Amino acid sequence: MLQTLYDYFWWERLWLPVNLTWADLEDRDGRVYAKASDLYITLPLALLFLIIRYFFELYVATPLAALLNIKEKTRLRAPPNATLEHFYLTSGKQPKQAEVELLSRQSGLSGRQVERWFRRRRNQDRPSLLKKFREASWRFTFYLIAFIAGMAVIVDKPWFYDMKKVWEGYPIQSTIPSQYWYYMIELSFYWSLLFSIASDVKRKDFKEQIIHHVATIILISFSWFANYIRAGTLIMALHDSSDYLLESAKMFNYAGWKNTCNNIFIVFAIVFIITRLVILPFWILHCTLVYPLELYPAFFGYYFFNCMMGVLQLLHIFWAYLILRMAHKFITGKLVEDERSDREETESSEGEEAAVGGGAKSRPLANGHPILSNNHRKND
């Protein structure tokens, strides 16, 4: 049964145009072709990326943060309380007033003490400024190097200037070492992001981030073994062109360099809109949707690849909406925060709480990721 499923999965009619087989893509005469087995190396490379990231954050990002005077914020921890902890983990992080009163009776604490416990407990789960700076530093470093390397791979290729040449001779298109390593490194990095997503800084678009990583991994993998490599290199370089700008804006934001952060964010917004909402749909998607049909009838792989591209495009529209909304607030002089950010609540003293009144919540501060404020950052 497993052999049957295997044979059906790799059936040529699914992944290759009509009248072509995997045998046509066997290495011969010194020409090397992409093979699905090449991708096995990306999993150990992803683990290597996680190890490199650990040492990078420890020996590069942390000293850089100290140089920029980015310090850990001391947070008061919620005292151990089994009743409140159980509710926090199973029922919710922000109990309603009726639930506060019930928890007050169960725990023997006053309503104000229960609210204070939950406030401190929520703050415990929020990532520190140093953690966010180290994560942004790592991603900035990779995206910048990947963009430079990607441009070096494709800038001298004829299909970089004439997209009809992307499909010239398809799918009998051999690969070169630079394309191989560009693919393996990009795919390994996205595997590492998926492996670490549970421990990375979480945003309100956490689900969208997972969808993005999974769609990207599927697209890169499929484009490799179906020999969509020329189109794939263009798409990867296009995405990397704006990502490093976003991460650098975050770094300056955490360092308190407000004007620098704001200026880089505006540049990032312009590059993002041009690359993701103009070049990608009207050049790249047109290239993958229209030109192939001039050479061969549509097949499953054609529909699959372009459907996954459509998923990415929808995510780009969603993020572009958030970016434009933040840019509008920034231009109109309103306080701009990352639409996906979480806010840290201040810890009021008992005297202050008494003055405000029992059960009143302390005023929130922007600690999550406001993109254009000194004490916050924007995430991708």
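Above this note sits the structure.
Values in this document were obtained by computation on a predicted structure and should not be read as measured data. (Residues numbered from 1 in each chain as written. Predicted model: local features only at pLDDT ≥ 70, side-chain atom pairs only at ≥ 80, totals over all residues. Heavy atoms only, no water.)

Chemist: Honestly, the packing of helix α4 (residues 82-90) against helix α5 (residues 97-107) in this entry has me stumped. Any pointers?
Modeler: When two helices pack together, their arrangement is captured by the angle between the axes and the distance separating the axes. It is at 9 Å that the axes of α4 and α5 come closest, and there the two elements cross at 145°. Counted together, T83, L84 and F87 of α4 and E99, L103, Q106 and S107 of α5 form the full contact between these two elements. Of the residues belonging to the contact of α4 with α5, the class tally is three nonpolar, three polar and one charged. (Axes fitted to C-alpha atoms, helices over the stretch in contact; angles between N-to-C directions. Helix = DSSP H or I, 4+ residues; strand = E, 2+ residues; numbered from the N terminus. Contact = heavy atoms within 4.5 Å. Nonpolar A, V, L, I, M, F, W, Y, C, P; charged D, E, K, R; others polar.)

Chemist: What am I meant to see in helix α3 (residues 42-67) here?
Modeler: Given 3.6 residues to a turn, an α-helix orients residues that are three or four positions apart in the same direction. Across its 26 residues, α3 extends 35 Å between first and last C-alpha, which sits within 8% of the 38 Å expected from 1.5 Å per residue. Those residues of α3 lying buried are T42, L45, A46, F49, R53, F56, E57, A61 and A65. Residues of α3 that are buried make contact with α7 (129-154) and α8 (177-196). Just beyond α3, the residue with positive phi is N69, at close to 65°. (Expected span 1.5 Å × (residues − 1). Buried < 20%, exposed > 50% of the residue type's maximum accessible area, 1.4 Å probe, protein only.)

Chemist: How should the packing of aromatic side chains be read in this particular structure?
Modeler: Counting across every chain of the model gives 45 aromatic pairs. Where F142 meets F189, the ring centres are 3.6 Å apart and the plane angle is 10°; that geometry is what we call stacked. Taken together, the positions of F142 in helix α7 and F189 in helix α8 put the pair 47 residues apart, joining distant regions of the chain. When its relative accessible area of 0% is taken as the criterion, F189 is described as buried. When the ring of F318 is compared with that of W319, the centres are 6.5 Å apart and the planes differ by 55°; the resulting orientation is tilted. The exposure class of W319 is buried, given its relative accessible area of 9%. (Phe/Tyr/Trp six-rings, centres within 6.5 Å; stacked < 30°, edge-to-face > 60°.)

Chemist: Honestly, the environment of Y228 in this entry has me stumped. Any pointers?
Modeler: You can see Y228 is positioned in the loop between α9 (206-225) and α10 (229-254). Residue classification places Y228 among the buried residues on the basis of a relative accessible area of 1%. Discounting chain neighbours no more than four positions away, the residues touching Y228 are W167, Y170, Y183, F222, S223, Y296, F299, G301, Y302 and F305.

Chemist: Just to check I follow, could you spell out the pattern of salt bridges for this structure?
Modeler: Side chains that differ in sign of charge can pair as their charged atoms come close. What the rule picks out here adds up to eleven salt bridges. Ionic pairing is found between D200 and R53, a salt bridge with its closest N-O pair at 2.8 Å. Taken together, the residues D200 in the loop between α8 and α9 and R53 in helix α3 connect sequence positions 147 residues apart. Judged by its relative accessible area of 6%, D200 falls in the buried class. We classify R53 as buried; its relative accessible area is 9%. In this structure, E85 and R121 form a salt bridge, with 3.0 Å as the shortest nitrogen-oxygen distance. (Salt bridge = Lys/Arg side-chain N within 4 Å of Asp/Glu carboxyl O.)

Chemist: Looking at this model, I keep getting lost on the layout of surface pockets. Mind explaining?
Modeler: The rolling of a water-molecule-sized probe over the atoms marks out the regions of remaining empty space. Empty space within the second largest pocket amounts to approximately 490 Å³. For the second largest pocket, the lining is made up of 18 residues, of which W10, K35, A36, S37 and F225 are closest to its centre. Its residues assigned to classes, the lining of the second largest pocket comprises 13 nonpolar, three polar and two charged. (1 Å grid on protein atoms, 1.4 Å probe; cavity = no way out; pocket = protein on both sides within 12 Å on 5 of 7 lines; lining within 4 Å. Points joined across faces, edges and corners; volume = space filled by probe spheres on them.)

Chemist: Could you clarify how one ought to interpret the nonpolar core in this entry?
Modeler: Across soluble globular proteins, nonpolar side chains show a tendency to be buried alongside one another. In terms of nonpolar packing, the biggest core is built from 69 residues, with W167, Y228, I284 and M309 touching the most fellow members. Counting residues per element, the ones that place at least two in this core are α2 (12-15), α3, α7, α8, α9, α10, α11 (258-289) and α12 (300-331). Once residues within four sequence positions are removed from consideration, M309 is found in contact with L219, I235, L280, I284 and L285. Among the nonpolar cores identified, the runner-up in size contains nine residues, and A78, Y88, V100 and L103 belong to it. (Core = buried A, V, L, I, M, F, W, Y, C linked by side-chain atoms within 4.5 Å.)

Chemist: Would you explain the packing of α9 against α12 in this entry?
Modeler: The contact between α9 and α12 brings their axes to 10 Å, and the two run at 150°. When the axis of α9 is compared with that of α12, the two are roughly antiparallel. Seen along the crossing, α9 lies across α12 with a hand that is left-handed. Packed against α9, whose contacting residues are E208, Q209, I211, H212, A215, T216, I218, L219, F222 and S223, the element α12 presents G301, F304, F305, M308, M309, V311, L312, L315, F318 and W319 at the interface. (Parallel < 35°, antiparallel > 145°, perpendicular 65-115°, else oblique. Left-handed = near helix turned anticlockwise from the far one by under 90°.)

Chemist: What am I meant to see in a nonpolar patch on the surface here?
Modeler: A cluster of nonpolar residues, L48, I51, I52, Y54, F55, L58, Y59 and V60, forms a patch on the protein surface that exposes about 790 Å² of accessible area. Along the polypeptide, L58 turns up in helix α3. (Patch = residues over 30% accessible without salt bridge, like charges linked within 9 Å, V, L, I, M, F, W, Y side chains within 5 Å. Areas by Shrake-Rupley, 256 points an atom, 1.4 Å probe, with all protein chains shown as cover.)

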